[in-house]
Amino acid sequence: MISVDQIIHAKWLIPVIPENKVLENHAIAMMDGKIVDIQPSADITMQYQSSDVVRLDQHALIPGLINAHTHSPMNMMRGIADDLPLMDWLNNHIWPVEQKWVNENFTKAGSLLAFAEMIRGGTTCFNDMYFYPEITAHAAAQTGIRACIGMIFIDFPSNWAKDSDEYFEKGLQLHDQLSHHPLIQFSFAPHAPYTVSNEPFQKILTLSNQMELPIHIHIHETQDEIKQSQDQYKQRPIERLDAMNLLSPSLIAVHMTHTSQHEMETFARKGAHVVHCPESNQKLASGYCQVAELLDLGVNVALGTDGAASNNDLDMIGEMRSAAYMAKNVKNDPSVLPASQVLSMATINGAKALGLESEIGSLEIGKYADITAIDLSHIETQPVYNPISQIVYAATRNQVTDVWVAGKQLLSQRHLLTLNEKEIIEESQNWRDKILQG
Ligand SMILES: [Zn+2]
């Protein structure tokens, strides 16, 4: 008998690689944070022993969901202003609140609220972009959730950094401090083509090549952005970034609405990744990303929620459903983006975008044990003909019961094990009161 740290038995196991495969009555053996074996439950019981054996007889195990684009501290602005176009929403609501209130404490409280929400919804890894990234990074490390932290850059001063030099200096300092942490990765995060000028883009490109780090950026969020770029630079945003050699397998481009066939082909040729945020795009009436075309061209498309101020939740199960429905409707074809493919977008495609596909994104031997368990015994998901269909088209995130990151359990029977739920709620209410009082 081989001793392992933990064994999880489950009714269904959906490894994601290969896509659309469902294993019944299987178990995972975990050791030192990694998956060491996956076999039928009876075989695991014969070969392995552990003092920690979990039996999930009504559940499906999936790889932990990867939220490939969010702004976790913005959870503190959830519902502060809705039903407005992007630039009105940003200029007259979000940016003034940020200017007045965003500091270390705000960022920490917002980040913890986001982590609690994400873990309870089955998300084990998130790709973040926000001010005070050091606060989010340390909070994530302490919570035990996996994170890719954006070293944000924007042409304008913020409470966090007064000028271009300070953005770079503070971001790189944080990278140096935490670059060896097993759960924390980094990216360069220039906010968007309309908020970053050519010179910092060149510097980011040089650093990204030297340090082998991805570049996480909003591109083509709205049609206005394209028009503004044509007025200012005589180029469409993608054309401009391409001219600066920014399109590469290191680029993680978020939104990508209003793209031409030529632009999508360029993305495919250059190997750049796309993050689709269907709910944020729909809520802001920004348009849609042509996911089916991009996937057909071989572009890696991951899925993100965007921040809670524009979504308004960090619910990757809901986002999968929205992505599937939107793609079918856009193409007028119900066969587009089947459930199994949308589950890949929310897991392995996110891992690929972050350069982590050899470590996470599927349930395979040798990968980290980043695992989400979903209870399908609820009325709402009965009967179970196909667990992948139930998860994407019928389940809600409230059916997520247990979550592990690198073999460490963060959620047990819906209880957060590394975060204090009561404190997080109290702190959120305190911030709301403060912001409302002005
Ligand atoms: Zn965003």
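Everything numeric here is computed off the predicted structure, so don't read it as measured data.

Parameters at a glance
Residues numbered from 1 in each chain as written. Predicted model: local features only at pLDDT ≥ 70, side-chain atom pairs only at ≥ 80, totals over all residues. Helix = DSSP H or I, 4+ residues; strand = E, 2+ residues; numbered from the N terminus. Rg over C-alpha atoms; globule rule 2.2 N^0.38 Å. Buried ≥ 20, exposed ≤ 12 C-beta atoms within 10 Å, placed from the backbone. Contact = placed C-beta atoms within 7 Å. Pairing = 2+ DSSP bridges. Domains from an automatic or database assignment. Nonpolar A, V, L, I, M, F, W, Y, C, P; charged D, E, K, R; others polar. Axes fitted to C-alpha atoms, helices over the stretch in contact; angles between N-to-C directions. Parallel < 35°, antiparallel > 145°, perpendicular 65-115°, else oblique. Left-handed = near helix turned anticlockwise from the far one by under 90°. Core = buried A, V, L, I, M, F, W, Y, C linked by C-beta atoms within 7 Å. pLDDT = per-residue confidence, 0-100. Expected span 1.5 Å × (residues − 1).

Engineer: Outline the overall build of the protein, listing residues and values.
Structural biologist: Along the backbone of the protein there are 16 helices and 18 strands. The C-alpha atoms of the protein give 21 Å as radius of gyration, which agrees with the globular expectation for 438 residues (22 Å, within 12%). Seen through its principal axes, the protein has C-alpha atoms that stretch 65 × 45 × 45 Å. Out of the 438 residues belonging to the protein, those deemed buried represent 52%. For the protein, the share of sequence-separated contacts (at least 6 apart) that also reach a separation of at least 24 residues comes to 73%.

Engineer: Got a sec to walk through the pairing of strand 3 (residues 23-31)? Specific residues and values, please.
Structural biologist: Pairing analysis gives seven bridges linking strand 2 (residues 6-13) to strand 3, with the strands arranged antiparallel. When the bridges of strand 3 are listed, I7 appears paired with A29. With six bridges connecting them, strand 3 and strand 4 (residues 34-40) associate as antiparallel partners. When the sheet's bridge partners are listed, M31 is paired in strand 4 with K34. Connecting the antiparallel pair strand 3 and strand 4 is a turn made up of two residues, with D32 showing a positive phi of about 50 degrees.

Engineer: Before we move on, can you summarise the sheet that holds strand 16 (residues 400-405) with the specific residues and values?
Structural biologist: Ordered in space as 4-3-2-6-15-16-17-18, the eight strands form an open sheet in which the pairing is mixed. If you trace the sheet from one side to the other, it starts and ends with strand 4 and strand 18 (415-416), each paired once. Inspection of the sheet shows strand 16 paired to strand 17 (residues 408-412) by three bridges, in the antiparallel sense. Bridging across to strand 17, W404 finds its partner in Q409.

Engineer: Which residues make up the domain arrangement of the protein, and what are the values?
Structural biologist: Here the protein is partitioned into domain 1 (2-63 + 364-406) and domain 2 (65-353). Between the C-alpha centres of domain 1 and domain 2 there is a distance of 29 Å. Each side of the interface is counted separately: domain 1 has 21 residues, and domain 2 has 26 residues. Residue assignment for the side of domain 1 that touches domain 2 shows that the elements contributing at least two residues are strand 6 (53-63), strand 15 (371-375), helix 15 (387-393) and strand 16. It is helix 15 that provides the largest number of residues to the side of domain 1 that touches domain 2, a total of five residues. Considered class by class, the residues forming the side of domain 1 that touches domain 2 number 14 nonpolar, four polar and three charged.

Engineer: Got a sec to walk through the packing of helix 4 (residues 133-143) against helix 5 (residues 164-178)? Specific residues and values, please.
Structural biologist: It is at 10 Å that the axes of helix 4 and helix 5 come closest, and there the two elements cross at 20 degrees. Considering the angle they form, helix 4 stands roughly parallel to helix 5. The handedness of the crossing between helix 4 and helix 5 is right-handed. Touching P133, E134 and A137 of helix 4 are G171, L174 and L178, all from helix 5. Considered class by class, the residues forming the contact of helix 4 with helix 5 number four nonpolar, one polar and one charged.

Engineer: Give me the lowdown on the packing of helix 3 (residues 104-120) against helix 16 (residues 421-437), citing residues and values where you can.
Structural biologist: Axis separation between helix 3 and helix 16 bottoms out at 10 Å; the angle between their running directions is 130 degrees. Classified by the angle their axes make, helix 3 and helix 16 are oblique. Helix-helix and strand crossings are classified by hand; for helix 3 and helix 16 the assignment is left-handed. Counting all contacts with helix 3, which are made through F106, A109, L112, L113 and A116, the residues of helix 16 involved are E421, I424, E427, S428 and W431.

Engineer: Could you give an account of the nonpolar core, naming the residues involved and the relevant values?
Structural biologist: I28, L61, F115, A147, M320 and A323 are the most contacted members of the largest nonpolar core, which has 132 residues in total. Considering every element that reaches this core, the biggest residue donor is helix 3, with nine residues. Of the domains in this structure, domain 1 (2-63 + 364-406) and domain 2 (65-353) are the two that each give at least three residues to this core.

Engineer: I'd like to hear about the confidence of the model for the protein, residue by residue, with values.
Structural biologist: Per-residue pLDDT for the protein averages 97, and the proportion of residues at 70 or more is 100%. Averaged pLDDT values over the elements of the protein bottom out at 92 in helix 2 (residues 86-101) and peak at 99 in strand 15.

Engineer: Please set out helix 3 residue by residue, giving values where relevant.
Structural biologist: With 17 residues, helix 3 ought to run about 24 Å at 1.5 Å a step, and its terminal C-alpha atoms sit 24 Å apart, in line with that. A large share of helix 3 lies buried, amounting to 14 of its 17 residues. Positive phi appears at G122, one or two residues downstream of helix 3, with a value of about 90 degrees.

Engineer: Please provide a residue-by-residue account of unusual backbone geometry, values included.
Structural biologist: Residue P18 is reached from I17 by a cis peptide bond, and omega for that bond is -5 degrees. Following N311, the chain continues to N312 via a peptide bond in cis, the omega torsion being 10 degrees. Checked against the element boundaries, N312 lands in the loop between strand 14 (301-303) and helix 12 (316-331). Residues other than glycine seldom take positive phi values, yet A285 does so here, at roughly 50 degrees. Looking at the element boundaries, A285 is found in the loop between helix 10 (278-283) and helix 11 (291-296). Here A406, not a glycine, exhibits a phi torsion of approximately 45 degrees, which is positive. When you line up the elements, A406 lands in the loop between strand 16 and strand 17.

Engineer: A description of the environment of S358 should follow, citing residues and the corresponding values.
Structural biologist: Position of S358 relative to the elements: it lies in the loop between helix 14 (348-353) and strand 15. Between the C-alpha atom of S358 and that of Y368, which follows or precedes it by ten residues, the distance is 9.2 Å.

Engineer: Report on the environment of W12, specifying residues and quantitative values.
Structural biologist: Position of W12 among the secondary structure elements: in strand 2. Here W12 falls in the buried class, since 24 other C-beta atoms lie within 10 Å of it. When near neighbours in sequence (up to four residues on either side) are disregarded, W12 contacts V22, E24, A60 and P387.

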